[in-house]
Amino acid sequence: MDYNHMGDLISSVRKSKNMTQKELADLLHVTDKAVSKWERDLSFPDVASLPKLAEELGCTVDELLEVKSAAQNNTSRSKAPALIELALK
């Protein structure tokens, strides 16, 4: 499946695993509100949490970041992608 935004990937994979936002949040030691914001591309996971998020989603950090990069090449729904790229530099 082709994902346009990191939030799409997180949401789709989480749902395919029959996992709630709260369950994913508990695994990552964040709030369910944080997961909700990630899925709506209002914010992005902290860089330090990307390895654990990737593990829980069954993908690699590179795959998460490739989705982020692809989203930046398209019209962005928020300013968060530019902020995360800046944080990753």
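Residues numbered from 1 in each chain as written. Predicted model: local features only at pLDDT ≥ 70, side-chain atom pairs only at ≥ 80, totals over all residues. Heavy atoms only, no water.

Quick word on the overall build of the chain
In plain terms, the rule: Each helix is a run of DSSP H or I of at least 4 residues and each strand a run of E of at least 2, with the numbering of both proceeding from the N terminus. Partly exposed describes any residue whose relative accessible area lies between the buried limit of under 20% and the exposed limit of over 50%, with all areas from a 1.4 Å probe on protein chains only and scaled to the type maximum. The contact rule is simple, with two residues in contact once any of their heavy atoms fall within 4.5 Å. Using a 1.4 Å probe, accessible areas were evaluated by the Shrake-Rupley method; residue-level cover was limited to the displayed protein chains.
Of the regular secondary structure elements, the chain holds 6 helices and 0 strands. Traced from its N-terminal end to its C-terminal end, the chain shows the element sequence α-α-α-α-α-α. A buried classification covers 39% of the 89 residues belonging to the chain. Within the chain, residue pairs in contact and separated by at least 24 positions form 56% of the contacts whose partners lie at least 6 positions apart. On the chain, roughly 5400 Å² of surface is accessible, and the fraction owed to carbon and sulfur atoms is 52%.

Focus on the pattern of salt bridges
Put simply, the rule is: By definition, a salt bridge exists where a carboxyl oxygen of Asp or Glu is found within 4 Å of a side-chain nitrogen of Lys or Arg.
Considering all chains together, one arrives at 4 salt bridges under this definition. A salt bridge links glutamate 56 to lysine 52; its shortest N-O distance comes to 2.8 Å. Remark: lysine 52 and glutamate 56 occur in helix 4 (residues 50–57); sequence separation between them is 4 residues, near one turn of the helix. Under the relative-accessibility criterion, glutamate 56 is labelled buried at 15%. Residues joined in a network through salt bridges with shared partners are Lys52, Glu55 and Glu56.

Regarding helix 2 (residues 21–28)
For clarity, the threshold we go by: Taking the helix axis as origin, the arc is that swept by the directions to the C-beta atoms.
Those residues of helix 2 that fall on the buried side of the exposure criterion are Leu24, Ala25 and Leu28. Axial view of helix 2: buried residues confined to an arc of 100°, hence all on one face. On its buried side, helix 2 packs onto helix 1 (6–16), helix 3 (32–39) and helix 4.

Examining the nonpolar core
Let me state the cut-off plainly: Take the buried residues of types Ala, Val, Leu, Ile, Met, Phe, Trp, Tyr and Cys, join any two whose side-chain atoms come within 4.5 Å, and each joined set is a nonpolar core.
Ranked by internal contacts, the top residues of the largest apolar core, which has 19 residues, are Ile10, Leu24, Trp38, Leu53, Leu57 and Leu64. Counting residues per element, the ones that place at least two in this core are helix 1, helix 2, helix 3 and helix 4. For leucine 53, the residues in contact, after removing those within four places along its chain, are Ile10, Leu24, Leu28, Trp38, Pro45 and Leu64.

Thoughts on helix 1
Note: α-helices contain 3.6 residues per turn, so residues at a spacing of three or four share the same orientation. Among the residues making up helix 1, those that are buried are Met6, Gly7, Leu9, Ile10, Ser11, Val13 and Arg14. Directly beyond the C-terminal end of helix 1, a positive phi value near 50° is found at asparagine 18.

A word on unusual backbone geometry
For residues besides glycine, phi is generally negative; the peptide bonds are generally trans as well. Of note, histidine 29 is a non-glycine position whose phi angle comes to about 60°, a positive value. Relative to the assigned elements, histidine 29 resides in the loop between helix 2 and helix 3. By relative accessible area, histidine 29 is classed as exposed at 73%. Even without a glycine there, the phi angle at aspartate 41 is positive, about 55°. A relative accessible area of 2% places aspartate 41 in the buried class.

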